[in-house]
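Descriptive structure summary
Residues per chain, in single letters:
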Amino acid sequence: MNILFVASECAPFIKTGGLADVIGAVPKALKTLGTKVRILLPAYPALSGELARGTELMALPDLHGGPARVVAVTARGLDLLLLDAPHLFDRAGNIYLGPDGTDWPDNALRFGALSYVGAQIAMGALDGWTPDLVNAHDWQAALVPAYLAAAGSTVPTVMTIHNIAFQGVFDAGVLGPLGLPADMFSVDKGEYYGRFSFLKCGLMLAAKITTVSPTYARELMDPDFGMGLDGVMQARRADLTGIVNGIDLDVWNPETDPGIPSPYSVRSLKKKAQNKSALQDRFGLTHADGPLFCVISRLTTQKGLDLLLKVLPSLLAHGAQLALLGTGDKEMEQAFANAARRYSGQVGVIIGYDENLSHLMQAGSDAILIPSRFEPCGLTQLYGLRYGTIPVVARTGGLADTVIDANLAALDAGCATGVQFAPVTTVGLEQAIARTCDLFGQPKTWAGMQRRAMRQAVGWDASARAYLSLFETLI
Ligand code: ADP
Ligand code: GLC
């Protein structure tokens, strides 16, 4: 089976969030099941090295105002198809945002071009390789089904939702420049409250829809979570599946992680303490014995970290510490930086994006806090499980599906791996932190949870099989 992935991010090359981790990991898992995946990805500056050693497979003299080409290259075990269109993708800074922090004004054309080229490849534009199916990820790739439908193609498509909060909504005037027929602006396709929605269009036209956890699949049909597309999701419920994300077990392995001073396994859990000391040093924290919580996150409303700011005094009253690595909302960055000054030695904050440091944090922390208001899947709790760093999570989306709450029954049965809380309020979070500190004070119980967490299957095996079964129904 040959599959084309179309996506705007792919780890380790270009990453702003979990989408990249998933795109960088699923193809490897599918390969072991005998499926070839090629990933169509914009050739951002971060990929210039790969671009330079690739082979040109397709040339487009004019793609929305400039020449473009598709270049094939194999890198880090992934088969990439790079869309080289310098006028659209060769820009410094964030891949979605200009220097002023708002969306690039031509994002519709940039990602419309990505979808257009994905559809051309699906219809046989590359010599010698035609995919049996296209899996389009998030709004940036959501027009693949539209271009295919407009051309009368029957190549099957799967639309994967990683986060329905991002929908790619533009004025209807973009349809002309995108080269899409006017009938795409209808209520059963991309029309959305008088504007044109990339994601809605893809969701209406794709053969199947997946999202990244079973709970989020259900939540998407609920007005509280559907972000205005709950009706679309209800209409398409028969074609909607939730497949939980996994993680790359080679990249996230506490026994071999090159980014941590003291590698450890479930049998040498004690060595985690050396990583804790290193982490405390890195964040200017005292070598206190209480639980060390960490946060590794985009700082946005989704992630609920405004709640954490409010409950910090109570976290510290338990003798706990906090190390936070994040970037995003400027006000929240400022508030956490202020908290670090105010509670110096107990709260450490690094504003920025640092992949290596995120590994040390997973290895050195006792627990990881994820108080998200919604979370399609979430990956940091999965890294936490693998590193014996107990996830303390809001009971929503993939967080609800991957962490087993340490309630009395689960503790008795010996199956707890973390702490869940609901509702997602300051009181809920405060109680979860209190419960976690209490469990931390019972070393045997805590170590039992850590060992179970580390043994939990968080790789891609089962989920890659689920994708494959779904793909097979379409081919
Ligand atoms: P989302 O995709 O919504 O941001 P996920 O939990 O799925 O949430 O994925 C986030 C990914 O980005 C994880 O791999 C996490 O480790 C990483 N990450 C988030 N913020 C940072 C940061 N400031 N520095 C390094 N890695 C980060
Ligand atoms: C999105 C979601 C996150 C998910 C990731 C990968 O960014 O916010 O929950 O884990 O995509 O699917």
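Residues numbered from 1 in each chain as written. Chains lettered and ligands numbered in written order. Predicted model: local features only at pLDDT ≥ 70, side-chain atom pairs only at ≥ 80, totals over all residues. Heavy atoms only, no water.

Remarks on the sheet that holds strand S11 (residues 208–211)
Pairing is mixed in the open sheet, where nine strands are placed in the order S3-S4-S5-S2-S1-S6-S7-S11-S12. The outermost strands of the open sheet, each flanked by one partner alone, are strand S3 (55–60) and strand S12 (240–242). The sheet shows a mean angle of 25 degrees between the axes of neighbouring strands, taken without regard to direction. Taken strand by strand, helix H4 (residues 107–122) contacts strand S1 (2–6), strand S2 (36–42), S3, strand S4 (68–75), strand S5 (78–84) and strand S6 (133–137), and its axis lies near 150 degrees from that of S2. The sheet contacts of helix H7 (residues 198–205) involve strand S7 (157–161) and S11, and relative to S7 the element is tilted by about 135 degrees. (Pairing = 2+ DSSP bridges. Helix = DSSP H or I, 4+ residues; strand = E, 2+ residues; numbered from the N terminus. Axes fitted to C-alpha atoms, helices over the stretch in contact; angles between N-to-C directions. Contact = heavy atoms within 4.5 Å.)

Topic: the site of ligand 2
Near ligand 2 lie 14 residues; those nearest to it are His-162, Asn-245, Glu-375, Cys-377 and Gly-378. Contact between ligand 2 and Asn-163: an oxygen atom at 3.3 Å from a side-chain N or O atom of the residue. Contact with the protein chains hides 93% of the accessible area of ligand 2, taken as 310 Å² for the molecule alone. Here the shell around ligand 2 takes three residues from helix H1 (residues 18–32), the largest share from any one element. Classifying every residue of the shell around ligand 2 gives six nonpolar, six polar and two charged. Each of domain 1 (2–246 + 460–474) and domain 2 (266–455) accounts for three or more of the residues forming the shell around ligand 2. (Near = heavy atom within 4 Å. Polar contact = N/O pair within 3.5 Å; in protein donor to acceptor, adjacent residues only side chain to side chain. Areas by Shrake-Rupley, 256 points an atom, 1.4 Å probe, with all protein chains shown as cover. Nonpolar A, V, L, I, M, F, W, Y, C, P; charged D, E, K, R; others polar. Domains from an automatic or database assignment.)

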